[in-house]
There are 2 protein chains.
Amino acid sequence: MHHHMQTIAVAQYGIGPIGAEILRLMLEKPWITVVGAVDNDPGKVGHDVGEVIGLGRLAGITVTPELVGRPEVVCHSTGSHLIAVEPQLRALMERGCHVISTCEELSFPLDAAIRESLQLAARSHGVALLGTGVNPGFVMDKLPLTLSAACQTLTAIDVRRVVNASLRREPLQRKIGAGLSRERFSTAVADGSIRHMGLRESLTMLANGMGLELARIADETVEPVLAQERVLTDFLTVEPGEVAGLRQTMTATSTTGVELRFEIQVYVGAKDPADTIEIHGLPDVSATIRSGIHGDHATAAMVVNAIPRILTARPGLLSMDDIAVGFRE
Amino acid sequence: MHHHMQTIAVAQYGIGPIGAEILRLMLEKPWITVVGAVDNDPGKVGHDVGEVIGLGRLAGITVTPELVGRPEVVCHSTGSHLIAVEPQLRALMERGCHVISTCEELSFPLDAAIRESLQLAARSHGVALLGTGVNPGFVMDKLPLTLSAACQTLTAIDVRRVVNASLRREPLQRKIGAGLSRERFSTAVADGSIRHMGLRESLTMLANGMGLELARIADETVEPVLAQERVLTDFLTVEPGEVAGLRQTMTATSTTGVELRFEIQVYVGAKDPADTIEIHGLPDVSATIRSGIHGDHATAAMVVNAIPRILTARPGLLSMDDIAVGFRE
């Protein structure tokens, strides 16, 4: 029960592929005024945002290397690792800005000391700090939590995501190991360069939201999905027997015996992409999202749609489980 | 990010079929202490709750005709019409209790004067007042809203619900007209005794949550679903050509052209019960809940799971769009 009579002043911090998509969307929303765009790439600084994100017109906003002024909200998209982006988040909060970030590790910070410290910083500046996205942020945490509200009791939640990477951008296809041999895939998994981030954060958010204490978190497994036939994308070719992408799992059990089981497959040539959430309880709830939720479009949507929602939330470190969400026209 | 170290004192107000189910569930939750149970039925007053709800054991709580003491939260389940239950809700709030009610018309009060007045009452007493349930309250409002958070833009939302009434309790089978002739069904629709309540409330909550102003709400249609073959339930028999239940629709269009289309079919012998939410947007989101969400079990779950959620919400009249929801063990 809220209406916005005046626009919200928002800046974008980080203009990589996701930041650019967020900017494109924000420029379309009548209730947002984009007041700044920050990136440290010398090739972007000093240029108009419209030019930098390929808008086909000038946006009237020049990219700066540091934030100028004090926008009400800053959308932050510079990295996945909290240790790298934490100083940026702190500086934005110190300035008095609410911050919504796509940093995967911010979706539910696992380190209690960092969590407390960010909580303290956000509260002391009277701002909200939210990590969001599709996964982590929605498909494996917010959505199963929301569906679980229909259950009197539950014994297990299975979330299974199959993503067809064929139509996604090249960096994503490379990041999942598409086109590698099994040996090179194993090496890349071992050195941490191939891994979908955020499963543990989703799992912890989900457990926490249901009041569960986790007794045991099984290690993540990361395995190759091998191509059964030749797969061609705009960027690469995968021969039969080569790696088409990854299959990653993580499971946990609560002290009370509730099992949480996550599986994500991201590979080129996936035939039946879908997001499936199976809640075993009273009643059972079994939800399938046909084709799955499109990662690139939906990530920007999650961020922008969260803007009006965090403005009415309590200040502090928020997870997606702390706010109600929805599209905002 | 919340844990309950001590239990929450909750009373049940109204011990009909739904109130009894809520009580049964509350008695199982370790974080709830049931401190009272209210009903005006002389056959229930003075009896132990366990006896009244058929628990098979005493609960140690005696049913009273009026609320005793000041529980932190009261779960209210006495009627569908706001005009009838409003004095009860007000009295509970004046006593300083948070209130969660299954009253369909409370899910999103349509009358602005009543909405304002309830808002004022709740805020002045520092309590939360929430209307919840499965439909209205979840399948046609909270869940589509949550899914829509993945969308950058959207042009339409279709929600379709097919419920098999065969396994539901007798009053529900009667309420949907099962076993009537077409003529008696039409008469019952005309006099308002056959109608699924809450479509307009869901529609308004959904539109409001997305920042849409509705330009036009088409009238509800209520039609019979006719049995194709003989349907037997524990309570009645429907011959081919007789009414098996109802099909009800409601559509609305926003000032910006977004269409919201609801359809609910509730009938005995339904072969493929499911809840389907189709969001036409960027990206499309198409979700199906196989078998649908079970109404009786899930309504009690919605109420009880909302208890810890409203305790951390701001005081005032809340809709399901104002709080994050989830199972609480």
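Residue positions are given per chain, counted from 1 along the sequence in the order it is written. To label them, take the chains in the order written and letter them from A, then take the ligands in the order written and number them from 1. Where local features are concerned, this predicted model is filtered to residues with pLDDT of at least 70; where side-chain atom pairs are given and counted, the filter is 80 or more; whole-chain, interface and lining totals use all residues. By convention in this description, side-chain values take in all heavy atoms of the structure and omit both hydrogens and water.

**Focus on the sheet that holds strand β2 (residues 32-38) of chain A**
Residues and elements named next belong to chain A.
- At least two DSSP bridges between two strands are required for those strands to pair. Secondary structure counts use DSSP, requiring at least four H or I residues in a row for a helix and at least two E residues in a row for a strand, with both numbered from the N terminus. Taken in spatial order, the seven strands line up as β3-β2-β1-β4-β5-β6-β16 in an open sheet, and their pairing is parallel. Of all the strands in the sheet, the pair left with one neighbour each is β3 (63-64) and β16 (316-318).
- Bridge count between strand β1 (residues 8-13) and β2: six bridges; the pairing is parallel. Within β2, the residue paired with Ala11 across the bridge is Gly36.

**Focus on the relation of the copies chain A and chain B**
- Copy-to-copy superposition: least squares on the C-alpha atoms, limited to residues that have pLDDT of at least 70 in both copies. Rotating chain A by 180° about the axis while translating it 0.0 Å along that axis superimposes it on chain B, leaving an RMSD of 0.0 Å. When the rotation and shift are considered jointly, the pair of chain copies conforms to a two-fold rotation axis. No C-alpha of chain A approaches the rotation axis more nearly than that of Ala324(A), which lies at 2.3 Å.
- A share of 100% of interface residues in chain A that are also interface residues in chain B marks the association as one of identical surfaces. Throughout, a residue-residue contact means that at least one pair of heavy atoms, one from each residue, lies within 4.5 Å.

**Quick notes on the interface of chain A and chain B**
- Contact residues are listed per partner, giving 57 residues for chain A and 57 residues for chain B.
- For this document, the term salt bridge refers to a Lys or Arg side-chain nitrogen within 4 Å of an Asp or Glu carboxyl oxygen. Here chain A is connected to chain B by four salt bridges.
- Here Asp321(A) and Arg309(B) are joined by a salt bridge, their closest N and O atoms 2.9 Å apart.
- Elements with a contribution of two residues or more to the side of chain A that touches chain B: α1 (17-28), α5 (142-148), β7 (153-164), α8 (199-209), β14 (274-282), β15 (285-290) and α9 (295-311) of chain A.
- The biggest single contributor to the side of chain A that touches chain B is α9(A), with seven residues.
- Sheet analysis places β15(A) next to strand β15 (residues 285-290) of chain B, joined by three bridges and oriented antiparallel. Bridge pairing links Thr288(A) to Thr288(B) in β15(B).

**Topic: the pattern of salt bridges**
- Taken as a whole, this structure holds 34 salt bridges over all chains when the rule is applied.
- A salt bridge links Glu220(A) to Arg195(A), with the shortest nitrogen-to-oxygen separation between them at 3.0 Å. Of the two residues, Glu220(A) sits in the loop between β8 (214-217) and β9 (221-226) while Arg195(A) sits in the loop between α7 (182-190) and α8, which places them 25 residues apart along the sequence.
- In this scheme, a residue with accessible area under 20% of its type's maximum is buried, one over 50% is exposed, and one in between is partly exposed, where area comes from a 1.4 Å probe on protein chains only. Judged by relative accessible area, Arg195(A) falls into the partly exposed class, the value being 33%.
- Between Arg247(B) and Glu223(B) there is a salt bridge, with the nearest N and O atoms lying 3.1 Å from each other.

**Overview of the side chain of Thr233(B)**
Residue and element names in this part refer to chain B.
- Relative to the assigned elements, Thr233 resides in the loop between β10 (231-232) and β11 (237-238).
- In this structure Thr233 comes out as buried when scored by relative accessible area, which is 14%.
- Here the side chain of Thr233 touches Gln173 through a polar contact of 2.8 Å, side chain to side chain.
- Under this definition, polar contacts are N or O atom pairs within 3.5 Å; protein pairs additionally need one hydrogen-donor-capable and one acceptor-capable atom, and for neighbouring residues in sequence, both atoms have to be side-chain atoms. At 3.0 Å, the side chain of Thr233 forms a polar contact with the backbone nitrogen of Phe235.
- For Thr233, the contacting residues outside a window of four places in its chain are Ser166, Gln173 and Val268.

**Quick notes on the side chain of Thr146(A)**
- Within the secondary structure, Thr146(A) is located in helix α5.
- Overall, Thr146(A) belongs to the buried group, its relative accessible area being 0%.
- Each residue touching Thr146(A), except ones within four places of it in the same chain, is listed here: Phe138(B), Thr146(B) and Val325(B).

**So, the packing of helix α1 (residues 17-28) of chain B against helix α9 (residues 295-311) of chain B**
Residues and elements named next belong to chain B.
- Helix axes are fitted to C-alpha atoms over the stretch in contact, other axes to C-alpha atoms as well, and angles between N-to-C directions run from 0 to 180 degrees. One can describe the packing of α1 onto α9 by two numbers: an axis separation of 9 Å at closest approach and a directional angle of 55°. The angle between α1 and α9 falls in the class oblique. Regarding α1 and α9, the two cross each other, and that crossing is right-handed. Each of Ile18, Glu21, Ile22, Leu25 and Met26 in α1 lies in contact with α9, whose residues at this interface are Asp296, His297, Thr299, Ala300, Ala301, Val303, Val304 and Ile307.
- Each residue is assigned to one class: nonpolar for Ala, Val, Leu, Ile, Met, Phe, Trp, Tyr, Cys and Pro, charged for Asp, Glu, Lys and Arg, and polar for all the others, Gly among them. In the contact of α1 with α9, the residues fall into nine nonpolar, two polar and two charged. The scheme is simple: roughly parallel for angles under 35 degrees, roughly antiparallel for over 145, roughly perpendicular for 65 to 115, oblique for anything else. The handedness criterion is simple: a crossing whose near helix is rotated anticlockwise from the far helix by less than a right angle is left-handed, and one whose near helix is rotated clockwise is right-handed.

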